[in-house]
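Results of the structural survey
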Amino acid sequence: MAKMNLLQAINNALDTAMAADDSMICLGEDVGKFGGVFRATSHLQEKYGKARCFNTPLTEQGIAGFAIGMAAQGSTAVAEIQFADYIFPAFDQIVNEAAKFRYRSGNEFNVGSLVFRTPYGGGIAGGLYHSQSPEAYFCHTPGLKVLMPSNPYQAKGLLLSAIRDPNPVLFFEPKRLYRASEGDVPEEDYEIPIGKAEVVRNGSDITLLGWGAQMTEMHKAADKAAEEGISCEVIDLRSLLPWDVETVANSVSKTGRLVIAHEATHTGGFGGEIAATIQQECFLSLESPIARVAGLDTPFPLAHEKEYLPDYLKVYEALVASLNY
Amino acid sequence: MTSASDVKPNLMHKAQFIEGHDLPIPTLSILNADGSIQAGAEAPEMDHETAIKLYRNMVYIRVLDERMISAQRQGRLSFYLTCAGEEAAVTGSAAAFSMNDMIMGQYREQAAIRWRGFTTEQFMNQLLSNEDDLGKGRQMPVHYGSNELNFMTISSPLGTQIPQAAGYAYAQKLQGNQACTLCYFGEGAASEGDFHAGLNMAAVLNCPVVFVCRNNGYAISTPAEEQFKGDGIAPRGVGYGIKTIRVDGNDILAVYTASIEARRIALENNEPVLVETMSYRLGAHSTSDDPSGYRSKDEEDKWREKDPIERMQNWLQAKGWWNGEEEKAILEGYRKEVLDALKRVEKKPMPSIDELITDVYDTPPAHLQKQYAELKEHIAKYPENYPVAGGAKHG
Ligand SMILES: Cc1ncc(C[n+]2csc(CCOP(=O)(O)OP(=O)(O)O)c2C)c(N)n1
Ligand SMILES: [Mg+2]
């Protein structure tokens, strides 16, 4: 075990994967000598050479298409999109190409050895274009897998799984936690299964469900509720596509109540999908309507970011309302 | 000539390939470093007043940038980004256009909006995201914009303004505005798909747009050698059938001369023009960046010697239009003006929390009003946790 922050855990996962797989390539804007604007790819060029870790020209659609090509050839491609806000020029390549490569060819070809890593989320005074959480767009795309770790241990284990999973994966990294989240991380190689949620706190009165950076707020809300004698079960979804219906449904069947929180905007957010499914699965166990706490349906602001974000107090209020329903 | 149905194709009968660098692109250069005029060159027609105005614009931006960098270090701003090294490329081009021409920039063109009259107070309002910021405090520092000054609000996603500028110019032409669009972008942004889409459409649709590519050698840490294999950006303009010129971006007379001519061509012929200004980003990419990890001090020093402001100052002094006293006076004046404004503006409140839901659409739809009402209720319950919006204290 070693103490690492989330960024170091990602760097360590990339290093571990590159050491184990000679065909693995890391590419993206500024990822070479500089190691990426957040330094997630630090020292990889030094260690594995310029051919395997390099700066690309400044074009996200190019990066995505290039990575798809390498993956189609059978190499392992891990592409960094500098900010999730800048993934949209690559949308066509990801949604129409990567996601459909296997299906449209009748499995003659696939781009399974492909990962897009990208920092997402607010709380860093980044305003409209350095704060977005675009996961829902990609969860609406069959053929992709979508992961969002919330701590260093998860980040390494999930990233290693993503790289080795035989399907294209989008890996959203909570940049607010890059340095803020620290923890023990095994130095050796390990994987965390995709599609499995983690019950991070057992409780009996209500289930709180979140992912990524939002987990920090979920824990704080559960702590505050505990002071009032409310017992929260907290679940970290980790994997959004596919997502672990069973674990969430089991919990809600037990507690009868569910609060889902995400930073992404409310309308069309992934919380709506979960709410619909859990209503179907747990209809007779539900004691109150499933609540959603999310970003307002506006672009991400700079001024009043604090008010905008779905913080622990908003989660707390939602859980109290659910209990008092 | 270029279409498959051409009646007179240009044939050859041996396979010969054109080299990537076969197209010679010369660089327009007028001013020597010492302020003298290059042999065979001619200074543009520029009266005393215009020359001084250009010079003062560059000095102002240098001072603003220096002061704002230190303000950022003191924690008074969240973020900043300088134009240092490219003051001539931006001032010299913007000055060649008229107020009713639209400017669409990337983010390093504060010298252009200043040229049009953006005040120190307006800069500070945007940088501090306060209630007087024209952008209502919604964007990160340096994302300026002003309808009055015909300066389109900056957007962070790179390259997006390039096809927009072509469309804007096309509409200007159709409306008979007698105006064109000036569009800035970096050599890094020119790798985006939008660059290629924009230049091609501008050419095909005969749009009166002048593209100014600021080639400053870097896109954050990525040097130009890792950005493109060709000879810079200029040959691409030629490839799209666009009149193209490359200029020494540290030579304000060259930039100005080329830009005056570019605007004339765009407006008279209804066609796009590409200007590539060769310069160097003297500072870090932004306050979030540290260039010591990817380039040498030596390299920076070499470019510091080619400072565009000094070069123009030498020219002005040689002409007897400027002296050390005047230099000292404007430096002191600008420093004071900027710091005074900063102090004053720091006292202004943030935009009202009501602005959270305005301008998403022309009017806030019902679902957004409901979300906002719930938010207000929540804030009222926990005013101490939302100090600014809750009114507990000044933020
Ligand atoms: C679509 C998109 N991708 C990535 C970024 C992040 N980014 C901001 S500035 C920059 C470098 C731009 O370089 P260049 O165009 O040369 O302009 P310069 O900073 O040199 O003026 C990058 C990669 C962005 N803003 N938008
Ligand atoms: Mg550049």
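Below is a summary of the structure that appears in this document. (Residues numbered from 1 in each chain as written. Chains lettered and ligands numbered in written order. Predicted model: local features only at pLDDT ≥ 70, side-chain atom pairs only at ≥ 80, totals over all residues. Heavy atoms only, no water.)

Let us now look at the sheet that holds strand β9 (residues 273-278) of chain B. Residues and elements named next belong to chain B. With respect to topology, 7 strands assemble into an open sheet ordered β1-β8-β9-β5-β4-β2-β3, the strand pairing being parallel. The sheet is open, and its two edges are formed by β1 (27-28) and β3 (151-152), each paired on a single side. Where strand β2 (residues 102-104) lies against strand β4 (residues 181-186), 3 bridges are found, and the strand directions are parallel. In the sheet register, Met102 faces β4, and the bridge partner there is Thr181. Contacting β2, β3, β4 and β5 (209-215), helix α5 (residues 161-174) crosses the sheet at an angle of about 175° to β4. (Pairing = 2+ DSSP bridges. Helix = DSSP H or I, 4+ residues; strand = E, 2+ residues; numbered from the N terminus. Contact = heavy atoms within 4.5 Å. Axes fitted to C-alpha atoms, helices over the stretch in contact; angles between N-to-C directions.)

In this section: the pairing of strand β2 (residues 24-28) of chain A. All names here are of chain A. Of all 5 residues making up β2, 5 are buried, and the element is well covered by its neighbours. Residues of β2 alternate between two faces, with Met24, Cys26 and Gly28 on one and Ile25 and Leu27 on the opposite face, all of them buried. Both β2 and strand β4 (residues 76-80) contribute to a ladder of 5 bridges, which runs parallel. Across the sheet, residue Cys26 finds its bridge partner in β4, namely Val78. Pairing between β2 and strand β3 (residues 53-55): 3 bridges, direction parallel. From the neighbouring strand, Leu27 faces β3, where its bridge partner is Phe54. (Buried < 20%, exposed > 50% of the residue type's maximum accessible area, 1.4 Å probe, protein only.)

Take the interface of chain B and chain A next. Interface size, as often reported, equals the accessible area lost upon joining of the parts. The interface of chain B with chain A comprises 46 residues on the first partner and 42 residues on the second. When chain B packs against chain A, close to 3,500 Å² is buried across both sides, 61% of that on carbon and sulfur atoms. In this assembly, chain B and chain A are joined by 2 salt bridges. Between Lys50 of chain A and Glu226 of chain B there is a salt bridge, and its shortest N-O distance comes to 3.6 Å. The interface formed by chain B and chain A holds 13 residue pairs in polar contact (both at pLDDT 80 or more) in total. Secondary structure elements with two or more residues in the side of chain B that touches chain A: β7 (222-223), α7 (224-227) and α13 (366-381) of chain B. With 7 residues, α13 of chain B is the single largest residue contributor to the side of chain B that touches chain A. Taken together, the residues of the side of chain B that touches chain A break down into 23 nonpolar, 17 polar and 6 charged. (Buried area = accessible area lost by both parts, 1.4 Å probe. Salt bridge = Lys/Arg side-chain N within 4 Å of Asp/Glu carboxyl O. Polar contact = N/O pair within 3.5 Å; in protein donor to acceptor, adjacent residues only side chain to side chain. Nonpolar A, V, L, I, M, F, W, Y, C, P; charged D, E, K, R; others polar.)

The next point concerns the nonpolar core. Residue and element names in this part refer to chain A. Leu237 and Ile278 are the most contacted members of the largest nonpolar core, which totals 88 residues. Two domains share this core, each providing at least three of its residues, namely domain 1 (2-185) and domain 2 (198-323). Once residues within four sequence positions are removed from consideration, Leu237 is found in contact with Lys196, Ala197, Leu209, Gly210, Trp211, Trp243, Asp244, Val248, Phe270 and Ile274. (Core = buried A, V, L, I, M, F, W, Y, C linked by side-chain atoms within 4.5 Å. Domains from an automatic or database assignment.)

To continue, consider unusual backbone geometry. All names here are of chain A. For the peptide bond that leads from Leu241 to Pro242, omega is -5°, which places it in the cis range. Mapped onto the elements of the fold, Pro242 is located in the loop between β12 (239-241) and α9 (245-255). Here the phi dihedral of Arg238 falls at roughly 60°; this positive angle occurs in a residue that is not glycine. Within the secondary structure layout, Arg238 lies in the loop between β11 (232-236) and β12. When its relative accessible area of 7% is taken as the criterion, Arg238 is described as buried.

To continue, consider the side chain of Gln110 of chain B. Residue and element names in this part refer to chain B. Positionally, Gln110 belongs in helix α3 (residues 110-115). A distance of 3.1 Å separates the side chain of Gln110 from the backbone oxygen of Leu81, its partner in a polar contact. Excluding residues within four positions of it along the chain, Gln110 makes contact with Ile61, Asp65, Tyr80, Leu81, Thr82, Cys83, Phe123 and Tyr144.

Okay, the packing of helix α4 (residues 120-127) of chain B against helix α12 (residues 324-345) of chain B next. Residues and elements named next belong to chain B. Remark: α4 packs on α12, axes separated minimally by 9 Å, with the N-to-C direction vectors making an angle of 45°. Taken as axis vectors, α4 and α12 run oblique relative to one another. α4 and α12 meet at a crossing whose hand is right-handed. In contact with Thr120, Glu121, Met124 and Asn125 of α4, α12 contributes Glu337, Val338, Ala341, Leu342, Arg344 and Val345. Along the lines of polarity and charge, the residues of the contact of α4 with α12 split into 5 nonpolar, 2 polar and 3 charged. (Parallel < 35°, antiparallel > 145°, perpendicular 65-115°, else oblique. Left-handed = near helix turned anticlockwise from the far one by under 90°.)

Here the focus is helix α3 (residues 60-73) of chain A. All names here are of chain A. Between its first and last C-alpha, α3 extends 20 Å over 14 residues, near the 20 Å set by a 1.5 Å rise per residue. Within α3, burial applies to Glu60, Ile63, Ala64, Ala67, Ile68, Met70 and Ala71. Within α3, the buried residues cover an arc of 165° as seen down the axis, which keeps them to one side. Of the surrounding secondary structure, the elements contacted by the buried residues of α3 are β2, β4, α4 (91-97), α5 (101-104) and β5 (114-120). With its phi angle positive at about 110°, Gly74 sits one or two positions after the end of α3. (Expected span 1.5 Å × (residues − 1). Arc of directions from axis to C-beta.)

Here we take up the packing of helix α1 (residues 48-73) of chain B against α12 of chain B. Residue and element names in this part refer to chain B. Two numbers describe how α1 lies on α12: the axes approach to 9 Å, and their chain directions differ by 45°. By the angle between their axes, α1 is oblique relative to α12. In this structure, α1 meets α12 at a crossing whose hand is right-handed. For the pair α1 and α12, contact is made by Tyr55, Arg56, Val59, Tyr60, Val63, Leu64, Glu66, Arg67, Met68 and Ala71 and by Glu327, Ile330, Leu331, Tyr334, Arg335, Glu337, Val338, Leu339 and Leu342, respectively. Per-class residue counts for the contact of α1 with α12 are 13 nonpolar, no polar and 6 charged.

A word on the side chain of Glu305 of chain A. Residues and elements named next belong to chain A. Secondary-structure assignment places Glu305 in helix α11 (residues 305-308). For Glu305, which is buried and forms no salt bridge, the nearest opposite charge comes from Arg176, at a distance of 6.9 Å. In contact with Glu305, other than residues within four places in its own chain, are Gly122, Gly123, Ile124, Ala125, Gly126, Ser131 and Phe300. (Lys, Arg positive; Asp, Glu negative; His and termini not counted.)

Below, the discussion takes up the sheet that holds strand β10 (residues 206-210) of chain A. Residues and elements named next belong to chain A. With mixed pairing, 5 strands are arranged side by side in an open sheet as β9-β11-β10-β13-β14. Across the chains shown, the open sheet's two edge strands, defined by having one partner strand only, are β9 (198-201) and β14 (291-295). Neighbour-to-neighbour, the strand axes of the sheet open up by a mean angle of 25°, direction not taken into account. In terms of strand pairing, β10 meets strand β13 (residues 258-265) through 3 bridges, oriented parallel. What sits directly across from Thr207, in β13, is Leu258.

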